Amino acid sequence: INSLVVDIKDDTGVLSYRSAVPMVNVLGAWEKKIPDVERLLQTLKRKQVYPIARLVVFKDPYLAEKRPDLAVKQKNGEIWRDYKGLAWVDPHSMEVWAYNIQIAKEAIKMGFPEIQFDYVRFASDGDLKNCVYPYADGSSKEDVIKAFLQYAREELEPLGAVVSADVFGLACSAPDDLFIGQQLEKIAEAVSIISPMVYPSHYARGSYGLSNPDLFPYETVLQSLRDASRRLNDYPVRLRPWLQDFSLGSKYGPAQIEAQIQA
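Conventions adopted
Residues numbered from 1 in each chain as written. Predicted model: local features only at pLDDT ≥ 70, side-chain atom pairs only at ≥ 80, totals over all residues. Heavy atoms only, no water. Axes fitted to C-alpha atoms, helices over the stretch in contact; angles between N-to-C directions. Helix = DSSP H or I, 4+ residues; strand = E, 2+ residues; numbered from the N terminus. Left-handed = near helix turned anticlockwise from the far one by under 90°. Contact = heavy atoms within 4.5 Å. Nonpolar A, V, L, I, M, F, W, Y, C, P; charged D, E, K, R; others polar. Parallel < 35°, antiparallel > 145°, perpendicular 65-115°, else oblique. Buried < 20%, exposed > 50% of the residue type's maximum accessible area, 1.4 Å probe, protein only. Lys, Arg positive; Asp, Glu negative; His and termini not counted. Salt bridge = Lys/Arg side-chain N within 4 Å of Asp/Glu carboxyl O. Polar contact = N/O pair within 3.5 Å; in protein donor to acceptor, adjacent residues only side chain to side chain. Core = buried A, V, L, I, M, F, W, Y, C linked by side-chain atoms within 4.5 Å. Phe/Tyr/Trp six-rings, centres within 6.5 Å; stacked < 30°, edge-to-face > 60°. Pairing = 2+ DSSP bridges.

*Asks:* Could you give me a rundown of the packing of helix 4 (residues 94-110) against helix 5 (residues 141-156), with the residues and numbers involved?
*Replies:* The contact between helix 4 and helix 5 brings their axes to 10 Å, and the two run at 35 degrees. In this structure, the crossing between helix 4 and helix 5 has a hand that is right-handed. On the side of helix 4, the interface is formed by W97, A98, I101, A104, K105 and I108, while helix 5 contributes V144, A147, F148, Y151, A152, E155 and L156. In the contact of helix 4 with helix 5, the residues fall into 11 nonpolar, no polar and two charged.

If you want it as structure tokens, here you go:
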């Protein structure tokens, strides 16, 4: 192992340690999952393991419930929820942007050299026709996501941090923004590393001409990253994909993981 991604704020919206960010404390949005972050970082440094702080942005049910004014709404004015009953915050909201950047700055101050933004996208997996974004200003979804990431980079790079983003694996090959604001080239203009989640189980049957991509881990990852590499050839961005080591449909073990690494 030469690198470790550490959840500093996961998709519950709760931070993993005692934070000094004022709004985090007002909301009570932290738990002591990591007793001593500094000690953790010292251990990783000693072992020459590169630490990455993962920060989930717009899938933040905790913030949305505590601050319904920042939440995605339904047409009737109530909080919109996805199929799992979880609320999301409005990606247009500058207050939501500032809140997450304060958390990122705290992580950098503690010693994380990289901030990896996850769920840096609009909501999915729900009745999207009923979504109302209270802070919408007419910008396209892809431009809102790009603008947030550019803002993050402007705020964090001067502190010496690397800014990276997780995207859907499909973003490697889809020309559009997948209706969630993740358009590959626009994200490439805003971050220095893109981590597409090229999990073969997440591709529809027939993708890349494969009857069931989940059964073809090598071919799926290869084609996806070939598409991304071709599209990002002229951008100063690195690809660092997430690979699948879980079973969702077919059984994944060492052979399937090796195939993805090979790809």
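*Asks:* How would you explain the packing of helix 7 (residues 217-231) against helix 8 (residues 254-262) if you had to name every residue and give the values?
*Replies:* Pairs of packed helices are described in terms of their axes, by the angle between the two and the distance that separates them. Their axes nearest at 8 Å, the elements helix 7 and helix 8 cross at an angle of 25 degrees. Judged by the angle between their axes, helix 7 and helix 8 are roughly parallel. The interaxial crossing formed by helix 7 with helix 8 has right-handed handedness. Counting all contacts with helix 7, which are made through P217, Y218 and V221, the residues of helix 8 involved are Q256, A259, Q260 and Q262. For the contact of helix 7 with helix 8, the class distribution of residues is four nonpolar, three polar and no charged.

*Asks:* So what's going on with the side chain of D82? Residues and values would help.
*Replies:* Position of D82 among the secondary structure elements: in the loop between helix 3 (61-66) and helix 4. No salt bridge forms around the buried D82; measuring N to O, its nearest opposite-charge neighbour K59 is 4.7 Å away. Of note is the side chain of D82, whose polar atom sits 2.9 Å from the backbone nitrogen of L86. Once residues within four sequence positions are removed from consideration, D82 is found in contact with K59, W88, S124, D125 and G126.

*Asks:* Talk me through the nonpolar core; I want residue IDs and the actual numbers.
*Replies:* Formed by 73 residues in total, the largest nonpolar core has its most connected members in F117 and L149. Here the element with the most residues in this core is helix 4; it accounts for nine residues. Filtering out sequence-adjacent residues up to four positions away, F117 remains in contact with L55, V57, I101, A104, F148, L149, A152, L156, V163, S164, A165 and D166.

*Asks:* Go over the environment of I34, please, and point to the residues and values.
*Replies:* Relative to the helices and strands, I34 resides in the loop between helix 1 (22-27) and helix 2 (37-46). For the pair I34 and S16, spaced 18 residues apart in sequence, the C-alpha separation works out to 5.7 Å.

*Asks:* Describe the packing of aromatic side chains, naming the residues involved and giving the relevant values.
*Replies:* How two aromatic rings sit relative to each other is set out by the distance from centre to centre and by the angle between their planes. A complete count under the given rule lists eight aromatic pairs for this structure. Relative to Y151, the ring of W97 lies with its centre 5.6 Å away and its plane at 35 degrees, an arrangement referred to as tilted. Of this pair, W97 sits in helix 4 while Y151 is found in helix 5, placing the two residues 54 residues apart along the sequence. Given the relative accessible area of 8%, W97 is considered buried. Ring plane angle 75 degrees and centroid distance 5.4 Å describe the contact between F117 and F148, whose orientation is recorded as edge-to-face. A residue pair is termed long-range when its members are at least 10 positions apart, and F117 in strand 3 (residues 114-118) and F148 in helix 5 qualify at 31 residues. On the basis of relative accessible area, F117 is assigned to the buried category, the value being 0%.

*Asks:* Which residues make up the pairing of strand 5 (residues 193-197), and what values do they have?
*Replies:* Counting buried positions along strand 5 yields five of five residues, so the element is predominantly enclosed. Along strand 5, one buried face is formed by I193, S195 and M197 and the opposite face, lined by I194 and P196, is buried too. As defined by bridge partners, strand 4 (residues 162-168) adjoins strand 5 across five bridges and the pair is classed as parallel. When the bridges of strand 5 are listed, D166 appears paired with S195. Pairing of strand 5 with strand 6 (residues 238-239), which is carried by two bridges, proceeds in the parallel orientation. Within strand 6, the residue paired with I193 across the bridge is R238.

*Asks:* Residues and numbers for the pattern of salt bridges, please.
*Replies:* For the coordinates displayed, the defined rule picks out 16 salt bridges. Where K33 meets D10, a salt bridge forms, and the shortest distance between an N and an O atom there is 3.0 Å. Here K33, found in the loop between helix 1 and helix 2, pairs with D10, found in the loop between strand 1 (3-9) and helix 1; they are 23 residues apart in sequence, far enough to count as distant. We classify K33 as partly exposed; its relative accessible area is 41%. Across the pair D69 and R67 runs a salt bridge whose closest N-O atoms are separated by 2.7 Å. Using a relative accessible area of 34% as the deciding quantity, one classes D69 as partly exposed.

*Asks:* Break down the sheet that holds strand 5 for me, with residues and values.
*Replies:* Here we have six strands laid out as an open sheet, ordered 1-2-3-4-5-6, and parallel in their pairing. Each end of this open sheet is capped by a strand with a single partner; those strands are strand 1 and strand 6. Sitting on the sheet, helix 5 touches strand 3 and strand 4, and the angle it makes with strand 3 is about 165 degrees.

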